[in-house]
Amino acid sequence: MARIVVHTAKRPFVHKTPSGDSVHICMCGLSSNYPLCDGSHRMTTDEDDNTIYLYNSEKKRLVKFDLDQLRKV
Ligand code: FES
């Protein structure tokens, strides 16, 4: 079984612990250390907001889909 999950965030969520530490939670879905951020979100900086990008497990961008085209299907 396979599943597609869409992540739109391009940066982590920063949680401040009661002791004052910062924990960076991956919101882009590309981290190799999920659920913690490993900096892989930097790969998303050139992503267009109106496009869906498909990555493989090696974080290689395979294909992109134009949302306007998909809405017409
Ligand atoms: S937010 Fe996903 S790797 Fe940083």
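Whatever comes next refers back to the structure up there.
Bear in mind the structure is a predicted one, so any value in this text is a computation, not a measurement.

(A) Quick peek at the pairing of strand β1 (residues 13–16). Sheet topology note: the β1/strand β2 (residues 22–25) ladder contains four bridges and is antiparallel. Pairing of Phe13 across the sheet is with Ile25, part of β2. If you look at the hairpin formed by β1 and β2, you'll find five residues sitting between the two strands, and Gly20 has a positive phi there, around 95 degrees.

(B) Local environment of the environment of Asp66. The residue Asp66 is located in strand β4 (residues 61–66) in this model. Using a count of 12 C-beta atoms within 10 Å as the deciding quantity, one classes Asp66 as exposed. The spacing of Asp66 and His41 is 25 residues in sequence and 20 Å in space, taken between C-alpha atoms. Non-local contacts of Asp66, meaning those with residues more than four positions away in its chain, are made with Asn50 and Thr51.

Criteria and cut-off values
- Residues numbered from 1 in each chain as written.
- Predicted model: local features only at pLDDT ≥ 70, side-chain atom pairs only at ≥ 80, totals over all residues.
- Pairing = 2+ DSSP bridges.
- Helix = DSSP H or I, 4+ residues; strand = E, 2+ residues; numbered from the N terminus.
- Buried ≥ 20, exposed ≤ 12 C-beta atoms within 10 Å, placed from the backbone.
- Contact = placed C-beta atoms within 7 Å.

As far as function goes, none of this settles anything; it's purely spatial.
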